There are 2 protein chains.
Amino acid sequence: MPLLIRHLPFLQPTVFCTCQALQLPRAAPGNPPAPRRGPSPISSYSTRRSSPVKQPNSAQKMASVSHPDQVNKTTHPFERQAIETLLLRRFFFCPAFEIYGGVKGLYDYGPPGAALQANILDLWRKHFIIEEEMLEVDTTIMTLSDVLKTSGHVDRFTDWMVRDLKTNEVYRADHLVEGVLQARIKADAEARGHALKPVVEDPTQKKKKKVVQTVTQILPDGKAEEYGTVLAQIDNFGGKELSELIRKEGIMAPDTGNEVSEPVEFNLMFETQIGPTGQIHGYLRPETAQGHFVNFNRLLEFNNGRVPFASAQIGRSFRNEISPKQGLLRVREFTMAEIEHYVDPQDKAHDRFDSVKHVEMQFLPKGVQESGKTDLTTTTIGQAVEEGMVDNMTLGYFIARIYLFLTKIGIDPKRLRFRQHMANEMAHYAADCWDAEILNSYGWIECVGCADRSAYDLTVHANRTQQKMVVRKALDEVHVYDKLVINLEKKTFGPMFKKDAKALEEGLLKLTQEKTSEAQKALTEKGEYLFQGPNGQEFKIPSSVMSIKSVTVREQVREFVPNVIEPSFGIGRILYSLLEHSYWARAEDVNRGVLSLPPSVAPVKVLIVPLSNNAELKPLSKQVSNQLRSLGIASRVDDSGASIGKRYARNDELGTPYGVTIDFASVKNGTITLRERDTTFQVIGKVEQVVTLLVELCSGRLEWAEAATRLPAYTGEQEL
Amino acid sequence: MPLLIRHLPFLQPTVFCTCQALQLPRAAPGNPPAPRRGPSPISSYSTRRSSPVKQPNSAQKMASVSHPDQVNKTTHPFERQAIETLLLRRFFFCPAFEIYGGVKGLYDYGPPGAALQANILDLWRKHFIIEEEMLEVDTTIMTLSDVLKTSGHVDRFTDWMVRDLKTNEVYRADHLVEGVLQARIKADAEARGHALKPVVEDPTQKKKKKVVQTVTQILPDGKAEEYGTVLAQIDNFGGKELSELIRKEGIMAPDTGNEVSEPVEFNLMFETQIGPTGQIHGYLRPETAQGHFVNFNRLLEFNNGRVPFASAQIGRSFRNEISPKQGLLRVREFTMAEIEHYVDPQDKAHDRFDSVKHVEMQFLPKGVQESGKTDLTTTTIGQAVEEGMVDNMTLGYFIARIYLFLTKIGIDPKRLRFRQHMANEMAHYAADCWDAEILNSYGWIECVGCADRSAYDLTVHANRTQQKMVVRKALDEVHVYDKLVINLEKKTFGPMFKKDAKALEEGLLKLTQEKTSEAQKALTEKGEYLFQGPNGQEFKIPSSVMSIKSVTVREQVREFVPNVIEPSFGIGRILYSLLEHSYWARAEDVNRGVLSLPPSVAPVKVLIVPLSNNAELKPLSKQVSNQLRSLGIASRVDDSGASIGKRYARNDELGTPYGVTIDFASVKNGTITLRERDTTFQVIGKVEQVVTLLVELCSGRLEWAEAATRLPAYTGEQEL
């Protein structure tokens, strides 16, 4: 049920994508366009309670009007401001060091946010690490600079930035250019009076962006198309290209209309010194992946030398974003969950692929994007792999598992797509790459990357450290073949070439079989072989010191560098998208927000509500609470002085799926009511009956519609 | 059963203590003495397999000689080198970026280490956060410098260091002085031929430390005692005192005998820049606590404005140690679990204190230490609070809960003590502070701190940010009292004092009741009041512009800054101590190490061992594995080619408590064997029977001695 889309028609997909959480070092391709410059999500935090929740008079009133399985969630259009106010008021998260004024891109999670995150990570651990028997590691955040030099991050993990020459305000250069060109295209189209392709925009924004130099301009003919081409390629632009564009197109700082500086490169890693001598440089890791790779040999040994296997890690990573502005979607410190699955490059089949091949989802393959379109293809992963759209079974297996995980925690499958990287987005070594993108009010946001990184990572670390990082696999049958082998007469070869002898010998031994065959022919036919040394020097090698013969080789073991398939999850982005997908307001009151989080991830599963603060009700509250805790169900007693309605409304905002009310009649009769959050429908039963229902509901084995038929409805007229 | 102590008589407690993980900013008091400079734990990592494990021939052989509940764990003396080799070989942890040469003080956890840590944290979360209904938060590691300036870390979280003037090797100054003075005391005592009080020393060390200038010296009479006094006070020494000592006592670099530099102060926080402008300074947090405090107002609101309540956080912290040398005990990046319990300063009772008052443990109160002794007092926490040894019930409650947690995960209660901070160790504002210290081969190591920090933290942040951080509590009865109030005739007062009027008014309104009463008297008797302004200037204020009268105040609400009780856990130190407490070698072979981890924290609970790699055994292995997984029991199938004995020996080293063997007869009869790790005793039963036993054993509801009587012993002679 695509609630959001129904009310946000302009949210139709465009080709934007984001990549913060997830990818290899490169000039930050695929980041989302700069957010419209209006009130940022952070600025909205200044109001602690902008829209107080209106409460009904009593739980009874709510009970009497609800239905067991009917609820209208689409009465009110989605408003980002409303959910952001709710999330801050209920302390899902807030700007870090808020009382010190905060710092852009840093957020703290309060109790419900931390619990929601912990529940998502717990399900992630079960879904991936436990079910797939992955090897979990926990490596350091502080990373030696050499490691990140090898991985390419020190040289290439950069963005280009420019500065407003008068105010010194800093912009990411590509975001600045994108924003201005998009605004000009839009203004041009409006001025020409024809409709534009929809553009992702912040629907909650009150003030329109002030783009000083462009808003009323009609572009010269063909210019809009030229800009379109530039926008499609901008991820590949370096400083030089961005600089030329800024000068040529007269792009100014959007907030002031001032000139901006030349683009300068800015490395996105936080740098520091390890130890007191100043000689050891460290960076905070920008991803957890390198911590897996440097430990590959120990992991392989732990796995008895066999592939395939996967390592997994959940942990913090850091990116010193130039000017983060999109709330939890672009932050400087974030939790990732990364899997590195090591696989034989000659065998990327997956032995559990059959178990997922029927899973159907929305794909946006590269061909469609390259033709300038964004039409989604809905098909099964089995079909996608069979047709070759997805490169191999292992990659396909993980794409399906990612889909199953995201929808299990509550992501709307209609607002989830897998977008393939286009050729120009992908690193040269990558075999294939798909991003799980989730549609929220900021657009389609990359939340999980799933790349086949070939043998790149292990190869570069092995080369740099001179440590072999290979798998040795016994061959099913002995591989027998003939091979040409060079033999040098050391006694005469050495004196003949003196100081060059060693380099020459090394060069000869490195010859390919093809070259060796040529050498053999030359020695036989001409009695000498003309060899070109590494410095271009030529050596005549007579057959008296060198001979070549064919030998039969019997190979029993194949040695190879495994390929790596890397599913990489940005947890904060998933969590925020999930909150948006879960949010709606009650038909009767736009200020009564509800978060329909599934019980599996809801911070608290059951709210226990004693009717009043009377001491008589405490023992039964305590008993129910203990009973639920011993069954592993997170509950909370709310014995604050507020009315029952207020307490339920607060917990609707917290996403608490169930509530039980304890009354004086409960103490007398041993009965309690059970309320479901979305429908507000209530049933009544003995404590044991209600607890039994809750166990089944919270485990996901029972749906509410069914549960509501098992006990009598509570209309507020019976005695509790 | 104090296995370790029995074999390491020199491990008798001395007054050393450590404080890395846990305390407030100060000149790093209470750190342990510098480790003896021999082969460091890290250097031992260079050998990948220094002592290969000898394996028995078969599981049957082991089965036939074992007993259901008898095992001798004390045959071989404890050797640190042996456990360190095991922990590295089985990849519990290893130096981070090992293939790049590593960096001191940074370690990665491999699969068993990561799983052990996750299990410890999971139990911690249940024991504290869930059982106590704490509010979990997850705040940023990257911290704005202002926050840590307020907390005192920027100015005072430092150690003094010196440099070898020739080699530039760096030492922590206090550790250097301690090490040299201790060595001199020892050498003196040996030369004089009388026994020394035992000193903590590394028993695995082969080469004796080379202390160039002291080893053969007899000290002048009285000098050893003088050194003893210095050592007792060294935690309070600053740079000047350390410098004087180094010069006066001729202390040189211990490894070279070279002179050392003047001590310089080194801040232990990693510093970095946030954002691209270079204007925002950040530090990696040295503790998680500040992240709780800055969010206090939101937490209080979330808790409906009421105290007591607690916030809790699990996360990484960082300390840029000068020269870390003790493996996991002194690291630059570590996982902490911290609780901040907010309590009314007038009411530090705890409503669940009764549930723990009977818990008995070992205490080392400050009085004993101040008299130069280390005798432990064994008593209940109830008694300790009643006698006033522990300051208050809430602090006592947490001390008992810490004790229960540590012993539940497998810490030996005989090697656990609570040491009170002495007056000179404790911050001026702290009311009382106890460290849970665990004895391992490095000595008594501080693993948990438990401090009553009074209102310090909230007060300093409130003062700095001008945000009130208070609790408002309705008083049981209205507090009625009289108060003198000053009234100024603004119309005449202003013109009379002109530019001084404002400062004068502020000064008058700040007068205490006592001073106001004096002013009232002066106005009545002399018609004027002589007021001294802030700059010493005197003002005559006539009764024409100022009057004072008594009003009756009715106070219904008390406003106060809550006090904070802070239990703070260094997870890495606890984990390492637990591994040492769990380690022993089988009587028959010193190289057959076992880690007797309790099932609750063991990385894997059950090893499933198919007798061979034959395909016929796979379905049953899979079935048992699925059955255990669905019951939430972590298991692992080991179908590697190694012998059963080798596979069990490997899992003894991994601490896997149970193993089941699957044979061809299993497939035929549906029976499997169950082996217990410590005793190696085996029983045989139907799959369902064994699974039922495993559920009870892993949940801790059943002991092995009892379980072993429920099924027939397997002697290797029956058919599986």
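In the block above lies the structure referred to throughout.
Residues numbered from 1 in each chain as written. Chains lettered and ligands numbered in written order. Predicted model: local features only at pLDDT ≥ 70, side-chain atom pairs only at ≥ 80, totals over all residues. Heavy atoms only, no water.

A closer look at the sheet that holds strand β3 (residues 135–136) of chain A
Residues and elements named next belong to chain A.
And then number 1: Strand order in the open sheet formed by nine strands is β3-β10-β11-β21-β16-β15-β14-β12-β13, with mixed pairing between adjacent strands. For this open sheet the edge positions go to β3 and β13 (377–380), each flanked by a neighbour on one side alone.
And then number 2: Across four bridges, strand β12 (residues 360–364) lies against β13 in antiparallel orientation. Bridge pairing in β13 links Met-361 to Thr-379. (Pairing = 2+ DSSP bridges. Helix = DSSP H or I, 4+ residues; strand = E, 2+ residues; numbered from the N terminus.)

Some details on helix α21 (residues 644–653) of chain B
Residue and element names in this part refer to chain B.
And then number 1: Across the ten residues that make up α21, a large majority, nine, are buried.
And then number 2: The complete set of buried residues in α21 reads Ile-644, Gly-645, Arg-647, Tyr-648, Ala-649, Arg-650, Asn-651, Asp-652 and Glu-653.
And then number 3: Gly-655 sits one or two residues past α21 and shows a positive phi near 80°. (Buried < 20%, exposed > 50% of the residue type's maximum accessible area, 1.4 Å probe, protein only.)

Topic: the sheet that holds strand β4 (residues 142–144) of chain B
Residue and element names in this part refer to chain B.
And then number 1: The strand order β4-β9-β8 describes an open sheet built from three strands, whose pairing is antiparallel. Each edge of the open sheet carries a strand with a single partner, namely β4 and β8 (271–274). Neighbouring strand axes in the sheet, compared pairwise and without regard to direction, differ in orientation by 45° on average.
And then number 2: One ladder, built from four bridges, connects β8 with strand β9 (residues 280–284); its direction is antiparallel. For Glu-271, the partnering residue across the bridge sits in β9 and is Tyr-283. (Axes fitted to C-alpha atoms, helices over the stretch in contact; angles between N-to-C directions.)

Examining unusual backbone geometry
All names here are of chain A.
And then number 1: Cis rather than trans, the peptide bond between Val-307 and Pro-308 has omega equal to -5°.
And then number 2: Inspection of the secondary structure assignment puts Pro-308 in the loop between α11 (296–302) and β10 (309–318).
And then number 3: Although it is not a glycine, Phe-97 adopts a positive phi angle of roughly 50°.
And then number 4: Backbone geometry at Asn-304 places phi at a positive 60°, although glycine is not the residue there.
And then number 5: Relative to the elements of secondary structure, Asn-304 occurs in the loop between α11 and β10.

Notes on the interface of chain B and chain A
And then number 1: Counting residues at the interface gives 82 residues for chain B, matched by 82 residues for chain A.
And then number 2: Summing the contributions of chain B and of chain A, the shared interface buries around 7,300 Å²; its carbon and sulfur component is 55%.
And then number 3: In terms of surface lost to chain A, no three residues of chain B exceed Ile99(B), Tyr100(B) and Arg298(B), which account for 13% of the buried area on that side.
And then number 4: Linking chain B with chain A are eight salt bridges.
And then number 5: Of the charged contacts in the structure, one is a salt bridge between Arg306(A) and Asp639(B), with a shortest N-O distance of 3.0 Å. (Contact = heavy atoms within 4.5 Å. Buried area = accessible area lost by both parts, 1.4 Å probe. Salt bridge = Lys/Arg side-chain N within 4 Å of Asp/Glu carboxyl O.)

A short note on the packing of aromatic side chains
And then number 1: Per the stated rule, a full pass over the model turns up 42 aromatic pairs over all chains.
And then number 2: Their ring planes at 80° and their centres at 5.5 Å tell us that Trp124(B) and Phe569(B) sit as a pair that is edge-to-face. Of this pair, Trp124(B) sits in helix α4 (residues 111–130) while Phe569(B) sits in strand β21 (residues 563–570), placing them 445 residues apart in sequence. With respect to class, Trp124(B) is no different from Phe569(B); both count as buried.
And then number 3: Arranged with centres 5.9 Å apart and planes meeting at 80°, the rings of Phe497(B) and Phe539(B) form a pair that is edge-to-face. Here Phe497(B), found in helix α16 (residues 490–497), pairs with Phe539(B), found in strand β19 (residues 538–542); they are 42 residues apart in sequence, far enough to count as distant.
And then number 4: On the basis of relative accessibility, which here comes to 10%, the residue Phe497(B) falls in the buried class.
And then number 5: Three or more aromatic residues joined by ring pairs form one cluster here, namely Trp124(A), Phe128(A), Phe405(A) and Phe569(A).
And then number 6: Positioned over the ring face of Phe91(B) is Arg298(A), at 5.9 Å from the centre of the ring.
And then number 7: For Arg80(B), the ring lying beneath its charged end belongs to Tyr442(B), and the centroid distance is 3.5 Å. (Phe/Tyr/Trp six-rings, centres within 6.5 Å; stacked < 30°, edge-to-face > 60°. Lys NZ or Arg CZ within 6 Å of the ring centre and 35° of its normal.)

Honestly, it's all geometry; don't read function into it.
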